[in-house]
Amino acid sequence: DDDGFLARSGRASIEKIGFALGLQVTGGSSSVRDAWLPMRTAGATARAMLVEAAAKKWNVPATVCVTKNGEVLHPAGNRKAGYGELISDAAKIAPPENVKLKDPSTFNLIGKPIPRTDIADKVNGKAQFGIDVRLPGMVYAAVKQSPVFGGTLKSTFAELSKNINKNNELYIIPNGVAVVSNSWWRAKKNLEALTIEWNEGANANLDSAAISKQLATDLEKTSASGFRNVGDADAQLKMATKKIDAIYEVPFLAHAAMEPINCTAQVKDGKCEVWVSTQVPSIAQWKASKAAGVSGENTTIHTTLLGGGFGRRLEIDMIEQVVHIAKQLGGRPVQMIWTREEDMQHDMYRPIAMSKFVGALDDKGQISAWTNRVAAPSVGFDTMQRLMGS
């Protein structure tokens, strides 16, 4: 809704940076908005190259050729060629710089109801989500993390390993404990049997009441970032004969996607492969390569279907965790799955927020002015620290 200079500049800058870095990212319901023009341009460019390849093949001008249903047609000569037949020749042609986009009046598919092509595979079970990945020799990992954000492991490896079943393996990960076994259920049950102690850290006594109190204090601060100012609402409120005010609060909220957090990885022979439901393939590759200690060229991300994303699959915590485990497994692939309890307790939550509204009504009962103040954590700042930080 914010259409100010700063907002427009910010959006334009992020778009330019994303294109310059070649980032593959989808979040904030931005896919169509961000990719609409680039994808149209890419399609039109490929079409022009295929037409040029066909025209050269038939020794006719490209302007007399048309395309339809995956084929290039030369109506006058009653000739046609499928895109597949032309692809090798088209690849040798330099892409045109200023390609002409199709006029919207000639759209055949856009704007029309088209059945999804993935429904059948999702119904019959052929569709592969992250949790469906199966690899030869794969083992499974269950993890336990500090119940308090920012907490660290207090128990030692020696203390925990005393209670590890001989068929399971224990690993310490940066923010918790992992048990690896030949089935996830066995790994989970052995992990549950461990008595794990934590250093809960600075957030040990933090609770919802303390956070709400802080938000209420922040609401009354005089300094704030302006979102939109139209007219003189304060003056209207002072003159109003009837005012209404209210304070609304929303809690932290988990994404609660249908598919629990999971990720599969293999680190072998100087290469890292990751199978993951992710909204950020580019950042996933970067973080996986850093965690594995191999180059980006030797790191491959296999993007599976997402069993619900909602922004939670923008995160890379599950990737860093499983790669850390995979590094210690001598080349064996490992699939890590969080329990639903871990999934809810360690979500990257929709932020808590408190909002105060004050409105004025005129003598006809119509709204003459209103103000709104909001206190909430910064979504963007926090997300960028997690995703782009070292």
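Computed from a predicted structure; not experimentally measured.

Enquirer: So what exactly am I meant to see when it comes to the pattern of salt bridges here?
Expert: Where charged atoms from two side chains of opposite charge approach closely, those side chains can pair. Per the stated rule, a full pass over the model turns up 14 salt bridges. Its salt-bridge partner being D118, residue K122 comes within 3.1 Å of it at the nearest N-O pair. The partly exposed category is assigned to K122, whose relative accessible area is 41%. D317 serves as the salt-bridge partner of R312, at 2.9 Å between the closest nitrogen and oxygen. Take R312 and D317: they sit in the same class, and that class is buried. When salt bridges with common partners are traced through the structure, they connect R116, D118 and K122 into a single cluster.

Enquirer: Got a minute to help me understand the packing of aromatic side chains in this structure?
Expert: By convention here, two paired aromatic rings are described through the distance between centres and the angle between planes. Counted under the stated rule, the structure contains five aromatic pairs. Ring plane angle 85° and centroid distance 6.5 Å describe the contact between W36 and F107, whose orientation is recorded as edge-to-face. Linking W36 in helix α2 (residues 31-58) with F107 in the loop between α3 (83-90) and α4 (119-124), this pair joins segments that are 71 residues apart in sequence. Classification of F107 as buried rests on a relative accessible area of 15%. Clustering of aromatic rings is evident, with ring pairs tying together F149, F252 and Y349. One residue, K287, lies across the ring of W286, its end atom 4.6 Å from the ring centre.

Enquirer: Looking at this structure, I do not really get the sheet that holds strand β1 (residues 66-68). What am I missing?
Expert: Hydrogen bonding along the main chain pairs the strands of a sheet, whether they run parallel or antiparallel. Taken in spatial order, the three strands line up as β1-β2-β3 in an open sheet, and their pairing is antiparallel. Each having just a single partner strand, β1 and β3 (79-82) make up the two edges of the open sheet. Recorded for the sheet is a direction-independent mean angle of 30° between the axes of neighbouring strands. Where strand β2 (residues 71-74) meets β3, four bridges bridge the pair, whose relative direction is antiparallel.

Enquirer: Explanation requested: the environment of G231 in the structure shown.
Expert: With respect to the helices and strands, G231 occurs in the loop between α7 (208-219) and α8 (233-239). What makes G231 exposed here is its relative accessible area of 71%. Remark: the alpha-carbon pair of G231 and N262, spanning 31 residues in sequence, is separated by 50 Å.

Enquirer: Got a minute to help me understand a nonpolar patch on the surface in this structure?
Expert: A contiguous nonpolar patch, built from I17, L21, L23 and V25 and spanning about 350 Å² of accessible area, is present on the exposed surface. On the secondary structure map, I17 appears in helix α1 (residues 5-21).

Enquirer: Would you mind going over the nonpolar core with me for this structure?
Expert: Residues C272, V274, I319, V323, I325, V334 and M336 are the most contacted members of the largest nonpolar core, which totals 34 residues. When sequence neighbours within four positions are dropped, the list of residues in contact with I319 reads C263, V274, V276, A284 and A288. Membership of the second largest hydrophobic core comes to 15 residues, among which are Y140, V177, A187 and L191.

Enquirer: What exactly am I supposed to notice about the side chain of D317 here?
Expert: Position of D317 among the secondary structure elements: in helix α10 (residues 317-326). Taking the relative accessible area as the measure of exposure, D317 reaches 15% and is therefore buried. Residues within four places of D317 in sequence aside, it is in contact with R312, W338, H346 and M348.

Enquirer: I would appreciate a short explanation of the pairing of strand β13 (residues 334-337) in the present structure.
Expert: The two faces of a sheet get side chains in turn, since along a regular strand they alternate between them. In β13, alternate side chains face the same way, and those of V334 and M336 on one face and Q335 and I337 on the other are all buried. For strand β4 (residues 139-145) and β13, the ladder comprises three bridges, and the chain directions are parallel. Residue V139 lies in a different strand from β13, and its bridge partner there is V334. Relative to β13, strand β10 (residues 262-268) runs antiparallel, the two sharing four bridges.

Enquirer: For this particular structure, what's the right way to read the sheet that holds strand β14 (residues 353-361)?
Expert: Spatially, three strands are ordered β9-β14-β15 in an open sheet, and the strand pairing comes out antiparallel. The open sheet has two free edges, formed respectively by β9 (242-250) and β15 (367-375), since each of these has just one partner strand. Across the sheet, the axes of successive neighbouring strands diverge by a mean angle of 15°, strand direction being ignored. Bridge count for β9 against β14 is nine bridges, and the pairing is antiparallel. Each bridged residue has a counterpart across the sheet, and for K242 the counterpart in β14 is L361. Strands in contact with α7 are β9, β14 and β15; relative to β14, the strand with the most contacts, it is inclined by about 40°.

Basis of the calculations
- Residue numbers restart at each chain and count upward from 1, following the sequence in its written direction.
- Only residues with pLDDT of at least 70 get local features here, since the model is predicted, and only at 80 or more are side-chain atom pairs given and counted; chain-wide, interface and lining totals rely on the full set of residues.
- Side-chain descriptors were evaluated using all non-hydrogen atoms of the structure, hydrogens and water having been removed beforehand.
- Definition used for salt bridges: Asp or Glu carboxyl oxygen within 4 Å of a side-chain nitrogen of Lys or Arg.
- Only protein chains enter the accessibility calculation, which uses a 1.4 Å probe; a residue whose area is less than 20% of its type maximum is buried, one above 50% is exposed, and one in between is partly exposed.
- Two aromatic rings from Phe, Tyr or Trp, using only the six-membered ring of Trp, form a pair when their centres are within 6.5 Å; if the ring planes differ by under 30 degrees the pair is stacked, by over 60 it is edge-to-face, and anything between is tilted.
- Think of it this way: any DSSP run of H or I at least four residues long counts as a helix, any run of E at least two long counts as a strand, and we number them from the N terminus.
- Consider the ring centre and the ring normal. A charge sits over the ring if Lys NZ or Arg CZ is within 6 Å of that centre and within 35 degrees of that normal.
- Whether two strands pair comes down to DSSP finding at least two bridges between them.
- Angles shown run from 0 to 180 degrees and are taken between the N-to-C directions of axes, each axis being a line fitted to C-alpha atoms and, for helices, limited to the stretch in contact.
- Candidate patch residues must exceed 30% relative accessible area and have no salt bridge, after which like charges are joined if within 9 Å and Val, Leu, Ile, Met, Phe, Trp or Tyr side chains if within 5 Å.
- Accessible surface is estimated by sampling points in the Shrake-Rupley manner with a 1.4 Å probe; for residues, cover comes only from the protein chains shown.
- Residues belong to one nonpolar core when they are buried, are Ala, Val, Leu, Ile, Met, Phe, Trp, Tyr or Cys, and are joined through side-chain atoms within 4.5 Å.
- Note on contacts: a residue pair is in contact if any heavy atoms of the two residues lie within 4.5 Å.

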